[in-house]
Amino acid sequence: MTGRWDVIVVGTRVAGAATAMLLARQGLRVLAVDRAHFPSDTISTHQVHVAGTARLHRWGLLHKILAAGAPATRRARFDTTAAVLEGRFPAHEGVDMLISPRRTVLDSILVQAARDAGAEVREGFIVAGVVSDGDRITGIYGRARNGPDVVEKAPLVVGADGKHSTIADAVGAGRYRERPTASFASYAYFTGVRVPSGGFYLRPDVAAAAFPTNDDRLLLAVFAPLAGFSAYRADVERNLYRLLDRCGNLGWLAREGTRVERIRTTPDLPNTLRVPQGPGWALVGDAGLVMDPITAHGISNALRDAELLADAIANDRLATYGAQRDAAAIPLYDFTTALARYGPPSLRERLLLRTLHGRPRQIERFLGMFAGTVPIQDFLSTGNLLRVIAGGAFGLRPEARTAATLHERPSAALRHHPRTAVHNMYRGL
Ligand SMILES: Cc1cc2nc3c(=O)[nH]c(=O)nc-3n(C[C@H](O)[C@H](O)[C@H](O)COP(=O)(O)OP(=O)(O)OC[C@H]3O[C@@H](n4cnc5c(N)ncnc54)[C@H](O)[C@@H]3O)c2cc1C
């Protein structure tokens, strides 16, 4: 006799609700539970990069998120000590925008989409642990607030319950590529000020983001080395403005506007991957892969992994999920944890940023790397960097370069005029 559920999903925010929705759309019987009641906020800023936004579009949800008032950002400013780059995000699957929905909006739309697809979503249900038959996980136990203990059984339990996942701990999912926490984050909302596009700011020892979000509010967020957290916490408000003052005109914007809501601050920013599947269980979202928010990719990661996991489950190849996730995630994970070291840009990075300046096509590709649509390993490959830097040093406009020249050996330009090229590159610094 088969049980009532094919899959139980624990946690119904971006990872869990998306997984439940995709599985229910494939005709599986899904129970999804969350201790929260939606709409519900969580400590997170809101940038969904182009790759994640394209998934929401493909799932038929983007128009609902935009209709709920989440502003679209098609242009971004990338502001560093070496150069200020401004440009468009490259289109991916017909989508060319980053969106910044409040989590109260995004998560509720996903929860409703899971219900619309046929999943049963129980809010206010706290999972205390898993049940097993000795060899494999066979279900969960928990309770609604003030309710009796409940056991629910299914051949597969998905932990989508965030970075302190009860499910991952209960099944003993091993950690790997773990890196020490590097940052703390602090953010606030302002009314009465607008920015023409979104912006990322990188300075030694501080990074910041400025993006419009729902209700005509401007989100200003700072990320800084964990070592400074105690001093920051001693006077959060003053220190938030102090850090914003170091990032272009963000301090000015904050003072021009009116701060609404409290300032949210957290040092709880781990970096780790966990083995994401085993007998009768799987992990998705932060439960299986959490990284510093400095690149603002956790939501997009969760949406990507929900799709990978749902496809793997529906096609009976769960064993391949972990390798697929890691292939997609690790380059960005390594890039993110390196960025969270907050050092000044290396010579190579300064050269790159300087030579990108004023070159819209290359800036688009650079922003595409942050948007999750241009593979990091391609953009940052030595060959590509040499091509970009050599192109900039010779004043070549990338638009004028043909496909054939892009496939030339990367050092071709340098081989012709090695001294001049290198001299010019250094002189530009
Ligand atoms: C300061 C900060 C800023 C960030 N900014 C960005 C950004 O701009 N862009 C971006 O892409 N990412 C950002 N992130 C990361 C992003 O918030 C996470 O990657 C994302 O929320 C992960 O989604 P999730 O669904 O996996 O987990 P979560 O959002 O953590 O959801 C887990 C859910 O599980 C439920 N749950 C947990 N335990 C139980 C239990 N025992 N029983 C029942 N329910 C349970 C919780 O109630 C919760 O609703 C940021 C993170 C932080 C901390």
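All figures in this text were calculated on a predicted structure; none of them were measured in a lab.

1. Digging into the site of the ligand
Turning to step 1, where the next piece is worked out: Taken together, 31 residues are adjacent to the ligand, and Asp34, Ser44, Thr45, Asp286 and Ile299 come closest.
Turning to step 2, where the next piece is worked out: Within the backbone of Val14, a nitrogen or oxygen atom sits 3.4 Å from an oxygen atom of the ligand.
Turning to step 3, where the next piece is worked out: The side chain of Arg103 places a nitrogen or oxygen atom 2.9 Å from an oxygen atom of the ligand.
Turning to step 4, where the next piece is worked out: Compared with its free state, where it exposes 990 Å², the ligand has 93% of that area covered by protein.
Turning to step 5, where the next piece is worked out: Mapped onto the shell around the ligand, the elements with two or more residues apiece are α1 (14–25), β8 (125–132) and α9 (298–314).

2. Description of helix α4 (residues 103–116)
Turning to step 1, where the next piece is worked out: For α4, spanning 14 residues, the distance from its first C-alpha to its last is 19 Å, which sits close to the expected 20 Å at 1.5 Å a residue.
Turning to step 2, where the next piece is worked out: Packed against the buried residues of α4 are α1, α2 (50–58), α3 (62–67), β7 (120–123) and α9.

3. Focus on the nonpolar core
The nonpolar side chains of soluble globular proteins are, as a tendency, buried together.
Turning to step 1, where the next piece is worked out: Counting 84 residues, the largest nonpolar core has Leu56, Leu110, Val158, Leu303 and Phe366 as its most contacted members.
Turning to step 2, where the next piece is worked out: Dropping the residues within four chain positions of it, Leu56 is found in contact with Val48, Leu61, Leu62, Ile65, Ile99, Leu106, Leu110 and Leu303.

4. Brief notes about the sheet that holds strand β2 (residues 30–34)
Turning to step 1, where the next piece is worked out: One open sheet accounts for 6 strands, arranged β7-β2-β1-β11-β20-β19; its pairing is mixed. The open sheet has two edge strands, β7 and β19 (277–278), and neither has a second partner.
Turning to step 2, where the next piece is worked out: Direction of pairing for β19 relative to strand β20 (residues 281–283): antiparallel, over a ladder of 2 bridges. By the bridge assignment, Gln277 is partnered in β20 with Ala282.

5. Overview of the domain arrangement of the chain
Turning to step 1, where the next piece is worked out: For the chain, the domain assignment lists domain 1 (7–46 + 102–178 + 271–335), domain 2 (183–266) and domain 3 (347–427).
Turning to step 2, where the next piece is worked out: At the junction of the two partners, domain 1 supplies 5 residues and domain 3 supplies 7 residues.
Turning to step 3, where the next piece is worked out: Here domain 1 packs against domain 3, burying approximately 450 Å² in sum over the two surfaces, 79% of which is carbon and sulfur.
Turning to step 4, where the next piece is worked out: By the criterion of area lost to domain 3, the three top residues of domain 1 are His297, Pro331 and Phe335, representing 82% of everything that side buries.
Turning to step 5, where the next piece is worked out: Across the domain 1-domain 3 interface, the total number found is 0 salt bridges.

6. A look at the packing of α9 against helix α10 (residues 321–339)
The relative placement of two packed helices comes down to the angle between their axes together with the axis-to-axis distance.
Turning to step 1, where the next piece is worked out: At a minimum axis separation of 9 Å, α9 and α10 run at an interaxial angle of 160°. Classified by the angle between their axes, α9 and α10 sit roughly antiparallel to one another. Our pair here, α9 against α10, has a crossing hand that is right-handed. The segment α9 lies against α10, with Asn301, Arg304, Asp305, Leu308, Leu309 and Ala312 engaging Tyr321, Gln324, Arg325, Ala328, Ala329 and Leu332.
Turning to step 2, where the next piece is worked out: Residues of the contact of α9 with α10, tallied by class, amount to 7 nonpolar, 2 polar and 3 charged.

7. Some words on the packing of aromatic side chains
Turning to step 1, where the next piece is worked out: One pass over the full model with this rule turns up 11 aromatic pairs.
Turning to step 2, where the next piece is worked out: Centre to centre, the rings of Phe78 and Phe370 are 4.9 Å apart; their planes meet at 50°, and the pair counts as tilted. Note that Phe78 is positioned in strand β4 (residues 75–80) and Phe370 in helix α12 (residues 360–371), a separation of 292 residues in sequence. Like Phe370, Phe78 is buried.
Turning to step 3, where the next piece is worked out: Considering the side-chain rings of Tyr187 and Tyr189, the 6.1 Å spacing of their centres and the 85° angle between planes classify their relative orientation as edge-to-face. Summarising the burial analysis for this pair, Tyr187 and Tyr189 share the class buried.
Turning to step 4, where the next piece is worked out: Lying over the aromatic face of Tyr189, Arg102 brings its terminal NZ or CZ to 3.9 Å of the ring centre.

8. A few points about α2
Two residues of an α-helix separated by three or four positions point the same way, owing to the 3.6 residues in each turn.
Turning to step 1, where the next piece is worked out: Burial analysis of α2 places 7 of its 9 residues in the buried class, the great majority of the element.
Turning to step 2, where the next piece is worked out: Along α2, the residues classified as buried are Val50, Ala51, Gly52, Thr53, Ala54, Arg55 and Leu56.
Turning to step 3, where the next piece is worked out: Taken together, the buried residues of α2 touch α3, β6 (98–99), α4, α9 and α12.

9. Focus on the environment of Arg13
Turning to step 1, where the next piece is worked out: Turning to its location among the elements, Arg13 is positioned in the loop between β1 (7–10) and α1.
Turning to step 2, where the next piece is worked out: Separated by 347 residues in sequence, Arg13 and Pro360 place their C-alpha atoms 36 Å apart.
Turning to step 3, where the next piece is worked out: With residues near it in sequence (within four places) discarded, Arg13 still touches Ala18, Asp34, Ala36, Phe38, Ser40, Asp41, Thr42, Arg103 and Asp107.
Turning to step 4, where the next piece is worked out: A polar atom in the side chain of Arg13 sits 2.5 Å from the side chain of Ser40.
Turning to step 5, where the next piece is worked out: There is a polar contact of 2.9 Å between the side chain of Arg13 and the side chain of Asp107.

10. Notes on the pairing of strand β9 (residues 137–144)
Turning to step 1, where the next piece is worked out: Sheet topology note: the β8/β9 ladder contains 7 bridges and is antiparallel. Residue Ile126 lies in a different strand from β9, and its bridge partner there is Arg143.
Turning to step 2, where the next piece is worked out: The antiparallel pairing of β8 with β9 creates a hairpin that spans 4 residues between the two strands, and Gly134 there sits at a positive phi of about 100°.
Turning to step 3, where the next piece is worked out: Note: β9 against strand β10 (residues 150–153), 4 bridges, orientation antiparallel. Bridge pairing links Gly139 to Lys153 in β10.
Turning to step 4, where the next piece is worked out: A loop of 5 residues connects β9 with β10, the two strands running antiparallel in sequence, and Asn146 in this loop sits at a positive phi of about 65°.

Reading the values: the criteria
- Residues numbered from 1 in each chain as written.
- Predicted model: local features only at pLDDT ≥ 70, side-chain atom pairs only at ≥ 80, totals over all residues.
- Heavy atoms only, no water.
- Near = heavy atom within 4 Å.
- Polar contact = N/O pair within 3.5 Å; in protein donor to acceptor, adjacent residues only side chain to side chain.
- Areas by Shrake-Rupley, 256 points an atom, 1.4 Å probe, with all protein chains shown as cover.
- Helix = DSSP H or I, 4+ residues; strand = E, 2+ residues; numbered from the N terminus.
- Expected span 1.5 Å × (residues − 1).
- Contact = heavy atoms within 4.5 Å.
- Core = buried A, V, L, I, M, F, W, Y, C linked by side-chain atoms within 4.5 Å.
- Buried < 20%, exposed > 50% of the residue type's maximum accessible area, 1.4 Å probe, protein only.
- Pairing = 2+ DSSP bridges.
- Domains from an automatic or database assignment.
- Buried area = accessible area lost by both parts, 1.4 Å probe.
- Salt bridge = Lys/Arg side-chain N within 4 Å of Asp/Glu carboxyl O.
- Axes fitted to C-alpha atoms, helices over the stretch in contact; angles between N-to-C directions.
- Parallel < 35°, antiparallel > 145°, perpendicular 65-115°, else oblique.
- Left-handed = near helix turned anticlockwise from the far one by under 90°.
- Nonpolar A, V, L, I, M, F, W, Y, C, P; charged D, E, K, R; others polar.
- Phe/Tyr/Trp six-rings, centres within 6.5 Å; stacked < 30°, edge-to-face > 60°.
- Lys NZ or Arg CZ within 6 Å of the ring centre and 35° of its normal.

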